[in-house]
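Breakdown of the fold
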There are 2 protein chains.
Amino acid sequence: MQDQAPAATVSRLITYLRVIRQFEAVGLERTSSEALAEASNVSAFQIRKDLAYFGTFGTRGSGYLVSTIGLRLREILGLTDVYDIAIVGMGRLGQAITDYPAMGEYGFRIRGMFDSDPGKVGLEFAGIEVSPMDSLPTLMRQRNFDMGMIAVPSAAAQEVADTLVSAGVRALLNFAPVVLNVPEGVMVEPVDFVASLKRLSYHLRGKPVLRHAARQAT
Amino acid sequence: MQDQAPAATVSRLITYLRVIRQFEAVGLERTSSEALAEASNVSAFQIRKDLAYFGTFGTRGSGYLVSTIGLRLREILGLTDVYDIAIVGMGRLGQAITDYPAMGEYGFRIRGMFDSDPGKVGLEFAGIEVSPMDSLPTLMRQRNFDMGMIAVPSAAAQEVADTLVSAGVRALLNFAPVVLNVPEGVMVEPVDFVASLKRLSYHLRGKPVLRHAARQAT
DNA sequence: ATATGTGAATTGATTCACAGCG
DNA sequence: CGCTGTGAATCAATTCACATAT
């Protein structure tokens, strides 16, 4: 099962599912590519093309059933499975992720917490004990983590990624602002809101609401 | 000054600048498209093409000067300016952003905090007092926020976006997992790590390390 | 009659090959 | 001679138009 669909399509499918969930929440039963397009800010063409990568969903002339498109989207995105996750780095960020509510709504389960700081080892968050970093390979054999979240300082991120990858993890969420080198078949998703701010600053460059004094950025 | 370069190019420029900063940190003076490519995980072609959108940077035959490419990247990305930011929603997420250290390294300054909850109004974070939501238009006139960060629950996000936009803000960082509708010229950057997890689950779909029991996702 | 599903056309981004400059 | 800068070629994604199914 190779990734035939473009990455942009997958990102949009995630949006479509969000919209469908809103439709489900208000009890809507039928919808159309037009209605989905409206709520997702894309064209109806785009939606039909995106869905077409994965088969046929609706009935011509009448549209889509909210329930079936919802189920199919969940299946396509792999959200009908459960994923066990290891967080590496239990500093402020790691701790914040721990009790983030929205994750449990899907099958994302945090099942391991690691830190190289002996002061952190043994602490408990959300009922899970922090293990020392060097126990990761051993614990991996028992718990088979599907995903790893890298919440360590930039300087340590590549080493953590290597450890996770050699333990068999093939999906990494990387909060550190560095490019990770991983072998073919391993997927890295960067999460970096400062990078997003920089995309915004590019958008605003040269036209601030108020002209500010120039300043040397570091 | 329209956005001539593709969005993907801008994202890569941010990566290049990160690499250049590492080069600066170790005192490296010269580099090449090849070296940058290596450290950024892209092709040397891509780097030269990306830079070419913005002019000429290096000297043929010898490569790039780390200092000049660093300066040019900062200029292109608008990072030599200062941006005043309003955070809306001072719940856990808003508070966490408040004392995030990496932001001050660039010219991103948090200058306003807003919340509609009277219990939050008047509290102080990082030396800034939380103002009531309805004072945003007034304060906007005094402080001219360049960017808005939306850290409110999904249900309130669109309304907050509308308020910010009509106050004149043209760059929004949206932490709520909803699609925001904004007029032409306003840029929205979504930040949603659960969406990133879903991209990972798509990557893993049907091939978990360990086969898990099926489960109905919501 | 209506809205999906899809081949064809178009647009855009990436890759390449090499011309141009130091 | 080496490495940048760039037009041309390839590849990919989006848009369109319409045939198709209900």
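Rules of the game
Residues numbered from 1 in each chain as written. Chains lettered and ligands numbered in written order. Predicted model: local features only at pLDDT ≥ 70, side-chain atom pairs only at ≥ 80, totals over all residues. Heavy atoms only, no water. Pairing = 2+ DSSP bridges. Helix = DSSP H or I, 4+ residues; strand = E, 2+ residues; numbered from the N terminus. Contact = heavy atoms within 4.5 Å. Axes fitted to C-alpha atoms, helices over the stretch in contact; angles between N-to-C directions. Salt bridge = Lys/Arg side-chain N within 4 Å of Asp/Glu carboxyl O. Polar contact = N/O pair within 3.5 Å; in protein donor to acceptor, adjacent residues only side chain to side chain. Nonpolar A, V, L, I, M, F, W, Y, C, P; charged D, E, K, R; others polar. Near = heavy atom within 4 Å. Buried < 20%, exposed > 50% of the residue type's maximum accessible area, 1.4 Å probe, protein only. Least-squares fit on C-alpha atoms with pLDDT ≥ 70 in both. Left-handed = near helix turned anticlockwise from the far one by under 90°. pLDDT = per-residue confidence, 0-100.

All names here are of chain A. Pairing in this open sheet of seven strands is mixed, and the strands run β5-β6-β4-β3-β7-β8-β9 from one edge to the other. Looking along the sheet, the strands with just one partner apiece sit at the ends: β5 (124-125) and β9 (187-190). When strand β3 (residues 83-88) meets strand β4 (residues 108-115), the two strands line up parallel, connected through six bridges. Counterpart to V88 in the pairing with β4 is F114. Against the sheet, helix α6 (residues 136-143) touches β3, β4 and β6 (128-132), its axis set at about 160° to β4. The sheet contacts of helix α7 (residues 154-166) involve β3, β7 (147-150) and β8 (171-174), and relative to β7 the element is tilted by about 170°.

When the parts of a complex come together, some accessible area is lost, and that lost area is often used as the size of the interface. The interface of chain B with chain A comprises 86 residues on the first partner and 86 residues on the second. Along the contact surface separating chain B from chain A lie six salt bridges. For the pair chain B and chain A, the number of links is 23 residue pairs in polar contact (both at pLDDT 80 or more). Per-element tally for the side of chain B that touches chain A: the top contributor is helix α8 (residues 193-204) of chain B, with 12 residues. Here the residues of the side of chain B that touches chain A sort into 46 nonpolar, 21 polar and 19 charged.

Near DNA strand C you find 22 residues, and of these A:S33, A:R48, A:T56, A:F57 and A:G61 are the closest. Here the atoms of DNA strand C within 4 Å of the protein split so that 67% fall in sugar or phosphate, with bases taking the remainder. The separation between a base nitrogen of DNA strand C and a polar side-chain atom of A:R48 is 2.8 Å. Contacts to DNA strand C include A:F57, whose backbone N or O atom sits 2.8 Å from a phosphate oxygen. If you list the elements that add at least two residues to the surface near DNA strand C, you get α3 (44-52) of chain A together with α1 (7-25) and α3 (44-52) of chain B. The biggest single contributor to the surface near DNA strand C is α3(B), with four residues. Here the residues of the surface near DNA strand C sort into five nonpolar, 10 polar and seven charged.

Once that is clear, we can look at the environment of B:R141. All names here are of chain B. Considering the arrangement of structural elements, one finds R141 in helix α6 (residues 136-143). Overall, R141 belongs to the exposed group, its relative accessible area being 64%. Sequence separation between R141 and V130 is 11 residues; the distance between their C-alpha atoms is 17 Å.

What follows is about the relation of the copies chain B and chain A. Laying chain B over chain A is done by rotating through 180° and shifting 0.0 Å along the axis; what remains is an RMSD of 0.0 Å. Taken together, the rotation and translation describe the operation of a two-fold axis. If distances are taken from each C-alpha of chain B to the rotation axis, the shortest is found for B:V191, at 3.8 Å. In this assembly the copies share their binding face: 100% of the residues contributing to the interface of chain B also contribute to that of chain A.

All names here are of chain B. Here α1 crosses helix α4 (residues 66-76) at 145°, and the two axes come no closer than 10 Å. The two elements α1 and α4 cross, and the hand of that crossing is left-handed. Residues L13, Y16, L17, I20, R21, F23 and E24 of α1 form the contact with α4, whose own contacting residues are V66, I69, G70, L73, R74 and I76. Broken down by class, the residue content of the contact of α1 with α4 amounts to nine nonpolar, one polar and three charged.

Low-pLDDT portions of the prediction should not be read for the details of their coordinates. Put simply, chain A has an average pLDDT of 93, and 94% of its residues get 70 or more. Confidence drops under a pLDDT of 50 for residues 210-216 of chain A, and excluding neighbours within four residues, the segment shows 17 contacts in the predicted structure.

Residues and elements named next belong to chain B. Taken as a whole, this structure holds 16 salt bridges over all chains when the rule is applied. The partner of R74 in a salt bridge is E24, and the shortest N-O contact between them spans 2.5 Å. Note that R74 is positioned in helix α4 and E24 in helix α1, a separation of 50 residues in sequence. The class for R74 is buried, based on a relative accessible area of 4%. Note that E75 and R72 form a salt bridge whose closest N and O atoms lie 3.0 Å from each other. Here E75 pairs with R72, and both are found in helix α4, just three residues apart, close to one helical turn. When its relative accessible area of 36% is taken as the criterion, E75 is described as partly exposed. R72 gets classed as partly exposed once you look at its relative accessible area, which sits at 26%.

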